[in-house]
Structure formats: C-alpha cells, structure tokens
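Residue-level structural notes
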Amino acid sequence: MKKMLICLAAAVLFSACSNNRDGARPPMMGWNSWNAYMVDISDSIIMNAADMMIAKGLKEAGYDHVNIDDGYFGYRDSLGYMVPHPVRFPNGMKHVPEYIHSLGMKAGIYSDAGHNTCGSNYNKDPHGLGAGLWQHEIQDAERYFNDWGFDFIKIDWCGGSKLGLDVEQRYMRIREIIDSVANKPIDINVCRWRYPGTWVSKVGSSWRVSGDIRPNWPSICDMINKNLYLSAYAGGGHYNDMDMMVVGYNGGKDSAFWEDSYGSNFGLTFDEEEAHFTMWCAMSSPLLIGCDLTYIPQETIDIITNPELVAINQDRLGLQAHVIQHDGEGYVLAKDIEKRHTGPRAVTLYNPSDSALTFTIPAEAVGFAGGMTVRDLNERRDLGTCEVIEMTLPAHYAKLLRVEGKRTDIQVYEAEWAYVQDFTRVRQKEITKYETYPGASCNAVATSVGGRAEGNLQWRDVYMGKGGRYAVSVLCAAAPGTEIVLTVNGKEHRTAVTAEGLNPVNFMADFKRGVNVVTVGNPEVMIPVVDCIRIISTK
Ligand code: GLA
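Below, the structure is looked at part by part. (Residues numbered from 1 in each chain as written. Predicted model: local features only at pLDDT ≥ 70, side-chain atom pairs only at ≥ 80, totals over all residues. Heavy atoms only, no water.)

Before going further, it helps to examine the sheet that holds strand β11 (residues 322-327). Hydrogen bonds between backbone groups are what pair the strands of a sheet, and the pairing can be parallel or antiparallel. Reading across the sheet, the six strands line up as β11-β12-β13-β18-β15-β16 and stay open at both edges, with antiparallel pairing between neighbours. The open sheet is flanked by β11 and β16 (381-386), the only strands paired with a single partner. On average, adjacent strands in this sheet sit at an angle of 25° to one another, irrespective of strand direction. In this sheet, strand β18 (residues 397-407) lies alongside strand β15 (residues 368-376) in antiparallel orientation, the contact comprising seven bridges. Its bridge partner lying in β18, V374 is registered against V403. Contacts from helix α8 (residues 217-227) reach β12 (330-336), β13 (345-351) and β18, with the element oriented near 135° to β13. Where helix α10 (residues 270-282) meets the sheet, it contacts β12, β13 and β18, and its direction lies at approximately 40° from that of β18. (Pairing = 2+ DSSP bridges. Helix = DSSP H or I, 4+ residues; strand = E, 2+ residues; numbered from the N terminus. Axes fitted to C-alpha atoms, helices over the stretch in contact; angles between N-to-C directions. Contact = heavy atoms within 4.5 Å.)

Here you go:
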C-alpha cells in the first residue's frame, strides 16, 4: 500500500545569485523608473533610487540594475544626437550612469524601435516625438553606450507600430547595429507587449509577453496566464518578461497617483505581493522593482529579498517552470534547479482564486518515484519527507518548494511545454497555439500542430537514464486516417489515427542515454489537438 505522508497540513500561511551554466546569465534584477514616475523623472530621482538600492540592502540581495525608462529625452542637436531633457537632466546624462557604476551597479536606458516613444503619445510628452531609434540607430548607439556608458536598453514598440514596421526585421536590425557600434556587450529588452516569435532570443535577453502591468491582483493573474505556456521559449540566458513588479505601494507616496488611476482596484496585500514575487521567481521573469524606493515598506523588502526565492529566479539552469498539474482553479508548476534531470526541482503551488485551495500533488506528478524531501522556500524551513504533498493555500497566494527525490522512469511531456519553431503571438495567423482544454492532461493542449515542419511540437530535452527501446504514446485528436509523425533524434515513425476524439496513438522508438530530441506533428497535415506524450520503458 502506498504510504501517504502529509507534508504540511493547513498550516500554510494565514499567517543569491549564482551564475548560470554555459555562461548564460540569470534574469535581470533591478529597479525601473516607469511605474513610480512615468515621464516625470530627473537625474536626482534616478541617483536617489541608486542610493536607496544600496541603503535598503537591495543591491546586496542581487538587484544590481538601475534603469531609466521613458521621459529623459530633450531634443536632437543639429547633428541628430540626442540631448537629454534640459530641466529633468540639467547636467546632461553621462554623470548618471557614471554614478550608478560607481556604486557597483549597471545602468539601463530606454528607446523605441520607431520614430516616437510611447510617452509622446500616452503621456503627451512632446520630447518623445522623434526620440526613437528610427533613422538614428547609429548615433543613438554611439551616444547611449559609448558616450554615456549605459549597459542595457529597453526598446519599446509604439513608434515601430505607428510606422508599420516588420517587428522581426526591425529588432534584428537594431541588434546588428548596436553590436557593431557599442564598445561592450549590451543587453536588450524587446518591449513588443506579446511573445514576438522565436527570433527574439537572437535579439533580447528578455522580452515582454504582455501589455503594461497594473498594481492589482487581476493584473498579476493576467501576466501569469500570458506566460503559463511559454516555458519552451525561455532558457540559455533569455527570459519571458512579465513586466515590472508592482510591489511596494502599500502606504507609499505613489499610492495617491495609483489611486487616482485605479480607484479602489489598487494595490496588493503583502500576501499578494509575496505570491506575485513567488511567481516571478518560478517563471524566471526579470525582477525589476517599480515603486519609489524611498517609501518601500520593510515588509516588501523582506519579501523580495528572500534569498531562497531569489535563488530560484537566479538558478544556474535558467529554466522557466511549466505547469505539471491543473485541477480546478489551482496550478502546480515545476522546473529543474541546480542540476538538470537528476537534481532537485522547484515546485510552485499557485492559487489565483478568491478562496483557500487544497493541493494534492503525488510524487509521480513532480517526476519523482517514492519519497520526496521538501523545503518551504517562502518560510525557509524543511517540511520533511513524503510521497504526496498536501497543502492548503489561502486565496491569492503562491508557494515555492524545493523538492528532492529519485526521478521516475515514466515520462510525460505536455504539448504545452513543447517548442514550436514558428510560434508567435504577434502574427494572428491560424498557427499552433497552447490552449486550456478541459479533460486533457493538465487541462491544456496544443492546437493546430504541424501542417508545416516549423509547426511541429518539439521537446528538446527528453532525458533518458538508460538508452534502448521505449513505447511512446501520443495523446491527440485528429480525423481517423491522419498520420501522426513522431521523430526521435531525427528518426521518423508514422502511425495513423484510428478513432475520433482524444486518443493515444502508439509508437515504439529507440532513445539514447542522455538528452533526446522528440518531435510530434506532421509537416503536411495539421493535427487539430495534441495533449501530451508518454514515454514508457518496455523492459
Ligand atoms: C510602454 C511600455 C512601458 C513603459 C512605457 C513608457 O507602455 O510597455 O513599460 O516603458 O511604454 O512610455
């Protein structure tokens, strides 16, 4: 009989950075001026923020970027070079990144891929007209990186969109120019407000997956939903950006501003802030603080400097957690940490709902056979060993666990974890999507798979402890007679669908010891629905 230990009953809450493997950098941590100040920034505001990063222990916790957003633009001089706003930056710009550097931090700046910035439109800042990179790419790169010394640039899309530019060509071109002009490597954030396409890893160390975040719980959930099925596109030092963290407004000076904008639907409780931070860590989003640091409450600082949560965000593998269980309104996400395939996993419980939820998570769902050793990273304490994690989370809450154990032989790979070469949310063509699908495993599937080679699902990291022949079952729905094409390390296998509805289509295939690449689809025919694949040893 299976032994079931309860790791923790309803006791849950009512109540440093390492370098990535392969030299891949972890998500950026720091502060950005936009949410607290919008275009009303100045050199003293930015330098004060830098001071606060040190004084409040944020830099020590890993927050090492101070990023200037929209609002610093003045005008272009007779040669076309940008001059900062004469009132907001009366002493020019150079001394600001210099100051930030002198404190041991990095400095970021902002621009637009097109002619005008977003602030010139939405915030009626006339200085943002003509301030974007359009037709000034070389001059701006010289000025921002070589003359002024910035290390990072966030590149917005309001102007690019207005000019009707092709998003991929435009950002690729900007990347090329920056690389050829800047006298040091420059990080780019692509701010296109949707997942732009797999090309974006060649341009950005991060890219926004949504429009602008708002300081309320529904907005947090919206950001998480937009990123739930994008884990395949993060990794190797490139990350899905869920936008700045809207923490630290409780009682802060900014409250009045936000209250004007959002009325009663403003602000997060400290539990919600913790849930927000926990999810940004689990999903390896950049961690950029957006509030006025002078007034940031100590409770918020304690949440966002929890070293065990920060370590999950900054983990050396640089992976984004994916959904391994989704029952009712709760989600469980997991990712390998520290050591791929055979090491511990970070398991995240997420309750977006308005009431308490009990999670029951068997070891197999996490990928372990038998006992798991569990540590609660939010509370920083060991919970013991169990075969089933059972935990109750209050409404609007999330929790990260570090779980260790022996990995299982049966492997399930969900379609919504798979990489699709031409996946994009920018073009609105009928191409592969990840969607919720009641009754499917984890309640989600990929739809419109294949029909072209770039539309097949690809799992690039299917790890086998032993090489040999395995049974592979592809759970999918397509018209009877449709051939499902499975490839394992390039070797093709075909089996026809025999029945209507969501059914397993079975294969036998050889796998090698270590990492295998598996694809499912059919380059000629579209498969309407793929749920998951199961790989089972035949011995
Ligand atoms: C857009 C971006 C924001 C911010 C503003 C600046 O809305 O998404 O993050 O940079 O522009 O105008």
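Okay, the side chain of R143 next. Within the element layout of this structure, R143 appears in helix α5 (residues 137-147). Polar contacts involving the side chain of R143 include one to the main-chain carbonyl oxygen of M82, which spans 3.1 Å. Once residues within four sequence positions are removed from consideration, R143 is found in contact with D77, Y81, M82 and W148. (Polar contact = N/O pair within 3.5 Å; in protein donor to acceptor, adjacent residues only side chain to side chain.)

Attention shifts here to the state of the cysteines. Overall, the coordinates contain one disulfide when judged by the stated rule. Sulfur of C221: no disulfide; nearest cysteine sulfur belongs to C281 and is 17 Å away. Here C532 is not disulfide-linked; the sulfur of C442 is the nearest cysteine sulfur, at 8.1 Å. Assessed through its relative accessible area of 0%, C532 is described here as buried. (Disulfide = S-S within 2.5 Å. Buried < 20%, exposed > 50% of the residue type's maximum accessible area, 1.4 Å probe, protein only.)

This part is about the packing of α5 against helix α7 (residues 167-181). Two elements in contact, α5 and α7, have axes separated by 9 Å at closest approach and are oriented at 50°. Here α7 runs oblique to α5, going by the angle between their axes. Relative to α7, the crossing made by α5 is right-handed. In contact with E137, I138, A141, E142, F145 and N146 of α5, α7 contributes R170, I177, I178 and V181. Its residues assigned to classes, the contact of α5 with α7 comprises six nonpolar, one polar and three charged. (Parallel < 35°, antiparallel > 145°, perpendicular 65-115°, else oblique. Left-handed = near helix turned anticlockwise from the far one by under 90°. Nonpolar A, V, L, I, M, F, W, Y, C, P; charged D, E, K, R; others polar.)

Here the focus is the pairing of β11. Here β11 lies mainly inside the structure; five of its six residues are buried. Bridge count between β11 and β12: five bridges; the pairing is antiparallel. Note that in β12 the partner of V323 across the bridge is L333. Taken together, β11 and the strand that follows it, β12, pair antiparallel across an intervening segment of two residues, in which G328 is found at a positive phi of about 55°.

On to the site of the ligand. Taken together, 13 residues surround the ligand, and among them D69, D70, K154, D156 and D212 come closest. Measuring from an oxygen atom of the ligand, one finds a side-chain N or O atom of D70 at 2.7 Å. Listing elements by their share of the shell around the ligand, those giving two or more residues are α4 (118-122) and β6 (152-156). A per-class count over the shell around the ligand returns six nonpolar, one polar and six charged. (Near = heavy atom within 4 Å.)

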